[in-house]
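Structural overview for review
In case you want the letters, here they are:
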Amino acid sequence: MKKMIAPSLLSANFLELGKEIDMLNASEADWMHLDIMDGVFVPNISFGIPVVKAISKRSKKPLDVHLMIVNPDRYIQDFRDAGADILSVHYEACTHLHRCLQQIKEAGMKAGVVLNPHTSVSLLKEVLPYTDVVLLMSVNPGFGGQQFIPQTFQKIAALRNMIDEIDKEVLIEVDGGVNIDNAADLFEAGVDVLVAGSAVFGSKNPTETIKLLKR
Ligand code: DX5
Ligand code: ZN
């Protein structure tokens, strides 16, 4: 277990994005989590490739790009060119998930698979050896500031067992409703990376909150 924090810029102040990134650069944040929404796969639209490119010029931390879009395989090289380091695609959005993961790796990024709350981790058995990160959604994707779904803990435990059975490092990342009250329990349950949006940017002192989330 690694105890990494990936603040989600979805909850940042977009008018002061440069300052927000400088704050994260100087903090204990490990990755910057960027949520890409297309208004089709999820009922919301966030920001796209030019914004990722601008962020990558300023960021000193790896960019963890979470694609909530249909046909993610069409944009793999574009996100690589924009500066993505980890690229995660939804299981539910990929007809050819195995090929998609291979293409992400061939493009030079770490490959992530994201599961919606209703999708069982058991479906990952065949692709786990080709996966660097499994991102478990602990809310339904599309919006920040939602309530954590407690059943996620069962999925973490089951996934931890599956990963322990294969001879490969696969990180477990959890996204949605993560806060100061549940972070320690999630790390304890075997999570490596916690995404936190509103808990970080909605707090009085985001730098301190990032530190507290790790403790
Ligand atoms: C939701 C996004 C999350 C979101 C998390 O679809 O994937 O990354 O920003 O926000 P919080 O931490 O506020 O639940
Ligand atoms: Zn996300």
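The structure contained in this document is the topic of the report that follows. (Residues numbered from 1 in each chain as written. Chains lettered and ligands numbered in written order. Predicted model: local features only at pLDDT ≥ 70, side-chain atom pairs only at ≥ 80, totals over all residues. Heavy atoms only, no water.)

Notes on the site of ligand 1
Rule in force here: Here, proximity means that at least one heavy atom of the residue falls within 4 Å of the molecule or strand. For the purposes of these results, a polar contact is taken to be a pair of N or O atoms within 3.5 Å, where, inside protein, one atom must be able to donate a hydrogen and its partner to accept one; residues adjacent in sequence count only when each atom of the pair is a side-chain atom. Surface exposure here means Shrake-Rupley accessible area, sampled with a 1.4 Å probe, where a residue is shielded only by the protein chains that are shown. Helix and strand definitions here come from DSSP, where helices need a minimum of 4 consecutive H or I residues and strands a minimum of 2 consecutive E residues; each element is numbered from the N-terminal end. Polarity classes work like this: nonpolar for Ala, Val, Leu, Ile, Met, Phe, Trp, Tyr, Cys and Pro, charged for Asp, Glu, Lys and Arg, and polar for all others, with Gly in that last group.
Around ligand 1, the structure places 20 residues, and the nearest of them are Gly142, Gly145, Asp175, Gly197 and Ser198. Between ligand 1 and histidine 66, the relevant distance is 3.2 Å, taken from an oxygen atom to a side-chain nitrogen or oxygen of the residue. Between ligand 1 and glycine 197 there is a distance of 2.7 Å, counted from an oxygen atom to a backbone nitrogen or oxygen. For ligand 1, whose unbound accessible area comes to 380 Å², protein coverage reaches 100%. Broken down by secondary-structure element, the contributors of at least two residues to the shell around ligand 1 are strand E2 (32–37), strand E3 (63–68) and strand E8 (193–196). If you tally residues by element for the shell around ligand 1, the top one is E2, at 3 residues. Considered class by class, the residues forming the shell around ligand 1 number 8 nonpolar, 10 polar and 2 charged.

Side note on the pattern of salt bridges
What counts is decided by this rule: Each salt bridge in this description consists of a side-chain nitrogen of Lys or Arg and a carboxyl oxygen of Asp or Glu lying within 4 Å of one another. Exposure is judged per residue with a 1.4 Å probe applied to protein chains only, and the accessible area is read against the type maximum: over 50% gives exposed, under 20% gives buried, and values in between give partly exposed.
Under the criterion given, the structure shown has 9 salt bridges. When the shortest N-O distance is used, the salt bridge between arginine 58 and aspartate 22 registers 2.8 Å. Of this pair, arginine 58 sits in helix H2 (residues 49–58) while aspartate 22 is found in helix H1 (residues 17–26), placing the two residues 36 residues apart along the sequence. On the basis of relative accessibility, which here comes to 34%, the residue aspartate 22 falls in the partly exposed class. Note that aspartate 30 and lysine 214 form a salt bridge whose closest N and O atoms lie 2.9 Å from each other. Here lysine 214 lies in helix H8 (residues 206–214) and aspartate 30 lies in the loop between H1 and E2, a separation of 184 residues in the sequence. The class for aspartate 30 is partly exposed, based on a relative accessible area of 23%. Classification of lysine 214 by relative accessible area gives buried; the value is 14%. By sharing partners, the salt bridges in this structure join Lys105, Asp132 and Lys168 into a single network.

Some details on the coordination of the zinc ion (ligand 2)
In plain terms, the rule: Shown as donors are all N, O and S atoms within 2.8 Å of a metal ion, widened to 3.2 Å for Na, K and Ca; because water is not in the atom set, sites may appear incomplete. Labels for metal geometry use angle windows, namely 85 to 135 degrees for all angles of a four-donor tetrahedral site, and for square planar (four donors) or octahedral (six donors) sites opposite donors over 155 degrees apart plus all others within 65 to 115; sites meeting none of these are irregular.
On the protein side, the zinc ion (ligand 2) has His33 (NE2), Asp35 (OD), His66 (ND1) and Asp175 (OD) as donor atoms, found 2.0 to 2.3 Å from it. Considering all 6 donor atoms around the zinc ion (ligand 2), angles at the metal cover 70 to 168° and the coordination shape is octahedral. Sequence spacing among the residues donating to the zinc ion (ligand 2) works out to H-x1-D-x30-H-x108-D. Here aspartate 175 lies in strand E7 (residues 171–175) and aspartate 35 lies in strand E2, a separation of 140 residues in the sequence. Each member of the pair, aspartate 35 as well as aspartate 175, carries the same accessibility label: buried.

Description of the sheet that holds E7
Selection rule: Pairing between strands is defined by DSSP: at least two bridges between them are needed. The convention used is that axes are lines fitted to C-alpha atoms, helices contributing only their stretch in contact, and that angles between N-to-C directions extend from 0 to 180 degrees. Note on contacts: a residue pair qualifies if any of its non-hydrogen atoms lie within 4.5 Å across the two residues.
Spatial strand order, E1-E8-E7-E6-E5-E4-E3-E2: 8 strands in an open sheet with parallel pairing. In this open sheet, the two strands that pair with only one neighbour each are strand E1 (4–7) and E2. Across the sheet, the mean angle separating the axes of adjacent strands is 25° when strand polarity is ignored. The pairing of E3 with strand E4 (residues 86–90) spans 4 bridges and is parallel. Residue pairing in the sheet places valine 65 in a bridge with leucine 87 of E4. This element, H2, spans E2 and E3 of the sheet and lies at about 170° to E3. Across the sheet, helix H4 (residues 97–106) touches E4 and strand E5 (110–115), and the angle it forms with E5 is around 145°.

Quick look at the packing of H1 against H2
Quick note on the threshold: The cut-offs work like this: below 35 degrees is roughly parallel, past 145 is roughly antiparallel, 65 to 115 is roughly perpendicular, and the gaps in between are oblique. Left-handed is the label given to a crossing in which the near helix is rotated counterclockwise from the far helix by less than a right angle, and right-handed is the label when the rotation is clockwise.
Where H1 contacts H2, the two axes come as close as 10 Å, and the packing angle between them is 45°. Viewed along their axes, H1 and H2 adopt a mutual orientation that is oblique. Crossing of H1 against H2: the hand is right-handed. Residues Leu17, Gly18, Lys19, Ile21, Asp22 and Asn25 of H1 pack against Val51, Ile55 and Arg58 of H2. The class makeup of the residues in the contact of H1 with H2 is 4 nonpolar, 2 polar and 3 charged.

Overview of the packing of aromatic side chains
Worth spelling out the cut-off: Between the rings of Phe, Tyr and Trp (Trp by its six-membered ring), a pair exists once the centres lie within 6.5 Å; its type follows the angle of the planes, with under 30 degrees stacked, over 60 edge-to-face, and the other angles tilted.
One pass over the structure, following the stated rule, counts 2 aromatic pairs. Ring geometry for phenylalanine 14 and phenylalanine 47: centres 5.9 Å apart, planes at 90°, overall edge-to-face. Here phenylalanine 14 is found in the loop between E1 and H1, whereas its partner phenylalanine 47 is found in the loop between E2 and H2, with 33 residues between them in sequence. Judged by relative accessible area, which is 45%, phenylalanine 14 ranks as partly exposed.

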